[in-house]
Amino acid sequence: MGRRVVITGIGPVTSVGLGRELLFANLWTPCCPAQPVPAPFLRASALHPQWYVPLPEFSLADHGLQLSHQNLLQPQDRMALLAAKLAFEDAGFSVVPLEGRMQVEGLDEGGVILGAGLSGLQTALESHIAHSVPPEILSCLSDGRRPLFNRMVVPKTMTNAPAAWISICFGLHGACHTLNASCASGTYAIGEAYRRIKDGYDRVVVAGGVEAMQDPSGFFMRGFDVLGVLTQATDGRPRPFSRRRSGFLFAEGGACLLVLEDLEHARQRGAAILGELIGYGS
């Protein structure tokens with residue numbers, strides 16, 4: 001039969017809301033976080049959609065995350081770290097500062113499994129341009145957008161970076177890896193975390209998805225637009241179940257992580273049970 005697997009914490013970092021309570025409160029209201037497409041997005045080409053959703057704005061320090069490696073973090077890393085902290089706290093774990101990182105009290109062997117489709121492409125693109133374009137041409141860029149070669153381009157381009165940063169910054173010594181299954185990546189990550197706990201490999205795993213497709217020129221949005229998959233609704237609302245649906249609303253990204261736990265382990269520490277996973281297939 002294996003172990004029973006439950007959800008004890010949810011940590012969303014989205015443009016709709018940060019944290020479980022705010023997210024679910026906003027989901028039941030008619031609010032839409034869409035904003036008009038900014039002018040820089042329209043410099044290279046005309047986009048069909050009029051609206052997009054920017055990355056959620058937040059400060060790690062404002063949420064009690066004091067980390068010694070903050071200058072190395074990319075947007076997806078920051079979102080993943082905040083989502084992990086919110087999820088752990090929602091699950092009833094105490095998260096405290098410890099020598100430039102954070103410690104989840106009572107949890108050392110927790111695993112990390114994240115799903116991600118793309119990672120670090122903005123850093124890779126800028127570093128490639130800085131490396132391959134002659135300096136005399138780069139010097140002509142006078143609008144402050146001159147790309148620089150990033151010495152951390154290789155680790156920053158690795159899709160496993162957000163998962164690795166969670167493991168490093170929270171001192172978790174369990175399994176740590178990333179799955180890529182396109183738009184289903186986060187769902188796969190939760191399913192594989194479920195399997196690890198059910199089969200006895202872990203007692204606690206933080207799992208979910210993270211994505212960041214933010215760039216100053218709208219490159220990512222244009223990539224989806226030329227595929228014809230973005231909504232052209234005048235108010236930006238995609239209306240997926242309407243006869244007038246026309247595609248999805250482009251969002252620059254977000255993150256949401258769950259704390260999955262062996263039922264007996266959760267009961268022993270008195271955790272609130274938010275739900276139970278009873279199966280997974282792919």
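Reading guide: rules and limits
Residues numbered from 1 in each chain as written. Predicted model: local features only at pLDDT ≥ 70, side-chain atom pairs only at ≥ 80, totals over all residues. Heavy atoms only, no water. Pairing = 2+ DSSP bridges. Helix = DSSP H or I, 4+ residues; strand = E, 2+ residues; numbered from the N terminus. Axes fitted to C-alpha atoms, helices over the stretch in contact; angles between N-to-C directions. Contact = heavy atoms within 4.5 Å. Core = buried A, V, L, I, M, F, W, Y, C linked by side-chain atoms within 4.5 Å. Buried < 20%, exposed > 50% of the residue type's maximum accessible area, 1.4 Å probe, protein only. Salt bridge = Lys/Arg side-chain N within 4 Å of Asp/Glu carboxyl O. Lys, Arg positive; Asp, Glu negative; His and termini not counted. Parallel < 35°, antiparallel > 145°, perpendicular 65-115°, else oblique. Left-handed = near helix turned anticlockwise from the far one by under 90°. Nonpolar A, V, L, I, M, F, W, Y, C, P; charged D, E, K, R; others polar.

Chemist: Describe the sheet that holds strand β9 (residues 253-262), with residues and values.
Modeler: In spatial order, the strands read β7-β6-β8-β9-β1-β10; together these six strands make up an open sheet with mixed pairing. In the strand order of this sheet, the two ends are held by β7 (176-179) and β10 (275-277), each with one partner. Here the strands of the sheet are splayed against their neighbours by 30 degrees on average, with no regard to which way each runs. Note: strand β1 (residues 5-13) against β9, eight bridges, orientation antiparallel. Its bridge partner being in β9, Val-13 is matched across the sheet by Ala-255. Against the sheet, helix α7 (residues 185-198) contacts β1, β6 (111-115), β7, β8 (204-212), β9 and β10, and its axis sits at roughly 170 degrees relative to β8.

Chemist: Account for the nonpolar core, naming residues and giving values.
Modeler: Leu-81, Phe-88, Leu-114, Ile-166 and Phe-170 are the most contacted members of the largest nonpolar core, which totals 38 residues. Element by element, the count of residues in this core is highest for helix α2 (residues 75-90), at nine residues. Beyond its immediate stretch of four places on either side in the chain, Phe-88 contacts Phe-93, Val-95, Val-104, Leu-107, Phe-170, Leu-172, Val-206 and Val-259. Counting residues in hydrophobic clusters, the runner-up holds twelve residues, among them Ala-189, Ala-193, Ile-197 and Leu-260.

Chemist: Tell me what's going on with the pattern of salt bridges, and back it up with residues and numbers.
Modeler: Under the definition given, this model contains nine salt bridges. Residues Glu-192 and Arg-195 are paired through a salt bridge, measuring 3.1 Å at the closest nitrogen-oxygen approach. Of the two residues, Glu-192 and Arg-195 both sit in helix α7, three residues apart, roughly one turn of that helix. Judged by its relative accessible area of 34%, Arg-195 falls in the partly exposed class. Glu-261 serves as the salt-bridge partner of Arg-269, at 2.7 Å between the closest nitrogen and oxygen. According to the relative accessible area criterion, Glu-261 is buried, its value standing at 0%.

Chemist: Give a detailed account of unusual backbone geometry, specifying residues and quantitative values.
Modeler: For Glu-99, which is not glycine, the phi dihedral falls at a positive 50 degrees. Along the chain, Glu-99 falls in the loop between β4 (95-98) and β5 (101-104). Accessibility expressed as a relative area gives 78% for Glu-99, which makes it exposed.

Chemist: Just give me the short version of the side chain of Asp-225, but keep the residues and values in it.
Modeler: In this fold, Asp-225 is placed in helix α8 (residues 219-225). Arg-222 is the oppositely charged side chain nearest to the buried, salt-bridge-free Asp-225, at an N-O distance of 7.1 Å. With sequence-adjacent residues up to four places away left out, Asp-225 is seen in contact with Ala-46, Leu-47, His-48, Pro-49 and Leu-230.

Chemist: Outline the environment of Ala-266, supporting the account with residue identities and numerical values.
Modeler: Summarising the element assignment, Ala-266 is placed in helix α9 (residues 263-268). The class for Ala-266 is buried, based on a relative accessible area of 0%. Once residues lying within four places of it in the same chain are set aside, the contact partners of Ala-266 are Val-6, Thr-8, Glu-261, Ala-271 and Ile-273.

Chemist: Outline the pairing of β8, listing residues and values.
Modeler: Looking along a regular strand, one sees side chains alternate from face to face of the sheet. Along β8, nine of the nine residues are buried, which leaves the element largely enclosed by surrounding structure. Of the two faces of β8, both are covered, the one formed by Val-204, Val-206, Gly-208, Val-210 and Ala-212 as well as the one formed by Val-205, Ala-207, Gly-209 and Glu-211. Pairing of β6 with β8, which is carried by five bridges, proceeds in the parallel orientation. If you follow Ile-113 over to β8, its bridge partner there is Ala-207. Bridge analysis of β8 against β9 gives nine bridges, and the strand direction is antiparallel.

Chemist: Run through the packing of α2 against helix α6 (residues 161-169), naming residues and quoting values.
Modeler: Direction vectors running N to C along α2 and α6 enclose 45 degrees, while the axes themselves pass 9 Å from each other. It follows from the interaxial angle that α2 and α6 lie oblique. Between α2 and α6 the crossing geometry is right-handed. Seen from α2, the contacting residues are Gln-76, Asp-77, Ala-80, Leu-81 and Ala-84; seen from α6, they are Ala-161, Pro-162, Trp-165, Ile-166 and Cys-169. Grouping the amino acids of the contact of α2 with α6 by side-chain chemistry returns eight nonpolar, one polar and one charged.

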